[in-house]
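A structural walkthrough
One letter stands for each residue in the lines below.
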Amino acid sequence: CGSLKYKDEIMKITEELTLQGNCILSIIYPAGRNISDYSMEEREMFGAMHRERIRISDAILVVNIDDYIGESTRREIEFASFLNKEILYYTDGL
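Some remarks on the overall build of the protein chain
On a plain count of helices and strands, the protein chain comes out with 3 helices and 2 strands. Counting helices and strands in the order they occur from the N terminus, the protein chain gives α-α-β-α-β. Rg of the C-alpha trace for the protein chain: 13 Å, near the compact-globule value of 12 Å for 94 residues, within the 12% margin. By principal-axis analysis of the C-alpha atoms, the protein chain measures approximately 35 × 30 × 25 Å. Residue burial in the protein chain is summarised as follows: out of 94 residues, 31% are buried. The contacts of the protein chain with a sequence gap of at least 6 include a subset with a gap of at least 24, amounting to 65%. When the accessible surface of the protein chain is split by element, carbon and sulfur atoms take 51% of a total near 6,600 Å². For the protein chain, the separation between the mean place of its 11 positive charges and that of its 17 negative charges on side chains is 4 Å.

Describing the side chain of Ser3
With respect to the element layout, Ser3 can be found in the segment before helix 1 (7-19). Residues contacting Ser3, with those up to four places away along its chain left out, are Ile10, Tyr68 and Thr73.

Brief notes about the packing of helix 2 (residues 40-56) against helix 3 (residues 71-82)
Relative to each other, helix 2 and helix 3 sit at 35 degrees, their axes nearing to 10 Å. Between helix 2 and helix 3 lies a crossing whose hand is right-handed. Taken together, the residues of helix 3 that come into contact with helix 2 (itself represented by His50, Arg51, Ile54 and Arg55) are Glu76, Phe79 and Ala80. When the residues that make up the contact of helix 2 with helix 3 are grouped by side-chain class, the tally is 3 nonpolar, 1 polar and 3 charged.

Concerning the confidence of the model for the protein chain
Here the protein chain averages 91 in pLDDT, and 98% of its residues register 70 or above. Considering each helix and strand of the protein chain separately, the mean pLDDT is smallest for helix 1, with a value of 93, and largest for helix 3, with 96.

Remarks on helix 2
With 17 residues, helix 2 should reach 24 Å at 1.5 Å per residue; the first-to-last C-alpha distance of 24 Å fits that figure. For helix 2, the complete set of buried residues consists of His50, Arg53 and Ile54. Buried residues of helix 2, seen end-on, are gathered within an arc of 100 degrees and therefore sit on one face of the element. Seen from the open side of helix 2, the exposed residues pointing more than 90 degrees away from its buried face are Glu41 and Ile56. On its buried face, helix 2 is in contact with strand 1 (59-64) and helix 3.

The rules behind the values
Residues numbered from 1 in each chain as written. Predicted model: local features only at pLDDT ≥ 70, side-chain atom pairs only at ≥ 80, totals over all residues. Heavy atoms only, no water. Helix = DSSP H or I, 4+ residues; strand = E, 2+ residues; numbered from the N terminus. Rg over C-alpha atoms; globule rule 2.2 N^0.38 Å. Buried < 20%, exposed > 50% of the residue type's maximum accessible area, 1.4 Å probe, protein only. Contact = heavy atoms within 4.5 Å. Areas by Shrake-Rupley, 256 points an atom, 1.4 Å probe, with all protein chains shown as cover. Lys, Arg positive; Asp, Glu negative; His and termini not counted. Charge placed at Lys NZ, Arg CZ, Asp CG, Glu CD. Axes fitted to C-alpha atoms, helices over the stretch in contact; angles between N-to-C directions. Left-handed = near helix turned anticlockwise from the far one by under 90°. Nonpolar A, V, L, I, M, F, W, Y, C, P; charged D, E, K, R; others polar. pLDDT = per-residue confidence, 0-100. Expected span 1.5 Å × (residues − 1). Arc of directions from axis to C-beta.

Structure below.
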């Protein structure tokens, strides 16, 4: 979980963790579009599918770059906590 403004960093972390043998269910990134280019229905579908990925995961990894956790990521953390998922944090500079 993390802000789409750190998409490149999240993709790199996802690759590193996958190469370490972890099965990663990552964020879906808008391909060549801004999130605002999608209809409300499409954005709601992205959100629902992201919550489903959290639901079927053992844990979530919160990517915290520049000490930034946005409102959407906070809601994802709360959702994971509600489901008693392990919550791990990746902080830049570690």
